[in-house]
Amino acid sequence: MKRSLENQRQPSSGAPLKVGVFGGSGYVGLELMRLLLNHVQADLALVTSREYAGKSVASVHPSLEGLCPLIFVEPPALGSPIEVLDSAFAELDLLFFAVPHAQSSPVIGAISKCERFVSGDLRIIDLGADFRLSAEHFSQFYKQQHPCPELIAEAVYGTPEVSRDGIKSARLVANPGCFANCVTLGLLPLVLHFGKHPLVARVSAVTGSTGSGVTATAKTHHPARNESMSSYEVLTHRHGPEIEQALSLAQSGATKIHLVPHSGNFSRGIYSTSFVTIPDGSVDVVELYRKFCATEFFMRYRDVTPRVLDVRGSNFCDITVRQQGSEVVVISTLDNLVKGAAGNAIQNMNLMYHIPETTGLCAAALFP
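Below or above, wherever it landed, is the structure these notes cover. These numbers come from a predicted model, not from an experiment. (Residues numbered from 1 in each chain as written. Predicted model: local features only at pLDDT ≥ 70, side-chain atom pairs only at ≥ 80, totals over all residues. Heavy atoms only, no water.)

## A word on the environment of His222
Within the secondary structure layout, His222 lies in helix H10 (residues 222-225). Distance from His222 to Ser209, taken between C-alpha atoms, is 7.9 Å for residues 13 residues apart in sequence. (Helix = DSSP H or I, 4+ residues; strand = E, 2+ residues; numbered from the N terminus.)

## Some remarks on the sheet that holds strand S8 (residues 230-231)
In space, the seven strands of this open sheet follow the order S8-S9-S7-S10-S13-S12-S11, with mixed pairing throughout. Both outer strands of the open sheet, S8 and strand S11 (299-301), are each paired with one neighbouring strand and no more. Relative to strand S9 (residues 255-263), strand S7 (residues 199-207) runs parallel, the two sharing nine bridges. Paired with Val200 across the strands is Lys256, a residue of S9. (Pairing = 2+ DSSP bridges.)

## Focus: empty space enclosed by the protein
Gaps left between atoms show up when a probe the size of a water molecule is rolled over them. This model, assessed by the stated rule, comprises two cavities of 30 Å³ or more. Forming the boundary of the largest cavity are Pro76, Ala77, Leu78, Gly79, Ser80, Leu85, Val107 and Ala110. The residue inventory of the lining of the largest cavity, partitioned by class, reads six nonpolar, two polar and no charged. Size it by volume and the second largest cavity reaches roughly 40 Å³. For the second largest cavity, the full set of lining residues is Leu85, Asp86, Phe89, Ala90, Ile111, Cys114, Arg116 and Leu122. By residue class, the composition of the lining of the second largest cavity is six nonpolar, no polar and two charged. (1 Å grid on protein atoms, 1.4 Å probe; cavity = no way out; pocket = protein on both sides within 12 Å on 5 of 7 lines; lining within 4 Å. Points joined across faces, edges and corners; volume = space filled by probe spheres on them. Nonpolar A, V, L, I, M, F, W, Y, C, P; charged D, E, K, R; others polar.)

## A closer look at the pairing of strand S12 (residues 317-324)
Where S11 lies against S12, three bridges are found, and the strand directions are parallel. What sits directly across from Arg300, in S12, is Asp318. Linkage of S12 to strand S13 (residues 327-334), two consecutive antiparallel strands, is achieved through a turn of two residues, within which Gly325 is found at a positive phi near 65 degrees.

## Observations concerning the nonpolar core
The tendency in soluble globular proteins is for nonpolar side chains to be buried as a group. Counting residues in hydrophobic clusters, the biggest one holds 40 residues, and the most contacted among them are Val19, Leu32, Leu36, Leu44, Phe96, Ile125 and Met349. For this core, the secondary-structure elements that each account for two or more residues are strand S1 (17-22), helix H1 (27-36), strand S2 (42-48), strand S3 (94-97) and helix H13 (338-352). If you tally residues by element for this core, the top one is H13, at eight residues. What Ile125 contacts, discounting residues up to four positions off in sequence, is Leu94, Leu95, Phe96, Phe97, Val173, Asn175, Ala345, Asn348, Met349 and Met352. (Core = buried A, V, L, I, M, F, W, Y, C linked by side-chain atoms within 4.5 Å. Buried < 20%, exposed > 50% of the residue type's maximum accessible area, 1.4 Å probe, protein only. Contact = heavy atoms within 4.5 Å.)

## Quick look at H13
Between its first and last C-alpha atoms H13 spans 18 Å; for 15 residues at 1.5 Å apiece the expected length is 21 Å, and the helix comes up short by more than 12%. Considering bend angle alone, the principal kink of H13 is centred on Asn344 and spans about 45 degrees. Of all 15 residues in H13, 15 are buried, a share of seventy percent or more. Downstream of H13 by one or two residues, His354 has phi in the positive range, about 55 degrees. (Expected span 1.5 Å × (residues − 1). Bend = angle between axes of the 7 residues up to and from the residue.)

## Topic: the packing of aromatic side chains
Summed over the entire model, instances satisfying the criterion amount to seven aromatic pairs. Arranged with centres 6.4 Å apart and planes meeting at 55 degrees, the rings of Phe22 and Phe89 form a pair that is tilted. Here Phe22 is found in strand S1, whereas its partner Phe89 is found in the loop between helix H3 (82-88) and S3, with 67 residues between them in sequence. Geometrically, the ring pair formed by Phe138 and Tyr142 is tilted, given 5.1 Å between the ring centres and 40 degrees between the ring planes. Note that Phe138 and Tyr142 are positioned in helix H6 (residues 135-142) at a spacing of four residues, about one turn of the helix. The same class applies to Phe138 and to Tyr142, which are both buried. Each residue in the set Phe22, Phe89 and Phe97 is aromatic and connected to the rest through ring pairs, giving one cluster. Positioned above the aromatic ring of Tyr353 is the side chain of Arg123, whose terminal nitrogen or guanidinium carbon lies 5.1 Å from the ring centre. (Phe/Tyr/Trp six-rings, centres within 6.5 Å; stacked < 30°, edge-to-face > 60°. Lys NZ or Arg CZ within 6 Å of the ring centre and 35° of its normal.)

## Side note on unusual backbone geometry
Backbone phi values are negative for most residues with the exception of glycine, while trans is the configuration of most peptide bonds. Going from Phe367 to Pro368, the amide bond is cis rather than trans, its omega being 0 degrees. We note that Leu235 has phi near 65 degrees; this positive angle belongs to a residue other than glycine. Take Leu235: it is sitting in the loop between S8 and helix H11 (239-248). With a relative accessible area of 57%, Leu235 lands in the exposed category.

Right, here's the structure in full:
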């Protein structure tokens with residue numbers, strides 16, 4: 001049953017995993033460290049940063065003072081010999097990449113030629129977009145050719161509720177985007193139920209300011225977002241095709257996504273509303289969602305409309321649906337830094353190493 005932590009696969013060894021965070025200066029890197037430091041099966045052994053190399057992690061992230069004694073390490077330069085890369089990550093079992101989009105793939109491409117990656121002794125979870133999309137879509141959105149397209153085919157898309165079996169044996173996992181995970185989880189029960197029937201979802205989704213990263217811009221810093229709201233990349237956001245691709249893994253028929261993202265005036269969270277016309281209005285969609293969410297620990301069905309406050313700081317995705325015949329509205333919300341990024345990545349780590357899937361992720365939301 002969903003809320004039980006029993007019957008989970010146990011770790012293959014009692015020794016904790018040695019894990020590293022490549023790019024630990026941003027919000028996602030910080031969130032990874034916050035969660036990993038409380039994970040009983042993981043030992044945070046390495047954190048890199050070009051900007052802060054030589055400085056203590058706690059001096060950059062004061063919230064980790066007294067909890068993380070590590071010093072930021074300069075990552076190997078691009079073009080480093082394979083021997084240097086092998087040596088840099090020799091003690092690690094798993095390396096998380098938490099760097100801006102289009103920056104991880106050149107490094108991961110180089111690491112993929114190292115013996116420890118080839119043998120599966122070193123695995124990688126990339127929290128950027130570099131391995132989520134096809135090479136064609138990557139080129140379209142990032143205006144450059146993908147440096148290692150051969151690895152895209154190997155990378156397993158990292159939504160556990162969609163790709164659980166593939167994640168368990170993966171060497172490279174492409175962690176989903178925050179909008180993508182929120183919308184995908186919200187639509188997943190419908191997509192699975194209607195199988196071959198193509199669906200169309202019109203999605204309005206609001207994200208908090210941390211989704212824009214740690215570096216403020218004219219559009220993302222607090223004075224520009226507070227007491228305001230705006231849309232961006234209407235119908236052209238990269239998470240649109242990512243959601244379609246993710247749902248195609250669970251459905252033989254195609255789902256078309258029309259995504260309108262909005263910038264909200266809060267720090268953490270995604271709030272998504274999806275409008276779908278289903279092919280059979282006699283289906284009790286509420287019951288469908290109740291049953292599905294009862295099988296997934298981190299998906300919670302709500303009778304009342306969910307709130308960002310009820311998932312903030314947690315790995316939960318809260319969902320509710322409303323139905324009028326064939327017209328269905330799906331509302332889903334999650335913390336963009338946790339279930340939308342770092343928490344989901346750790347859930348993937350747990351699967352990859354046969355650790356109980358909920359380990360390190362059962363904290364309640366930060367409310368109020």
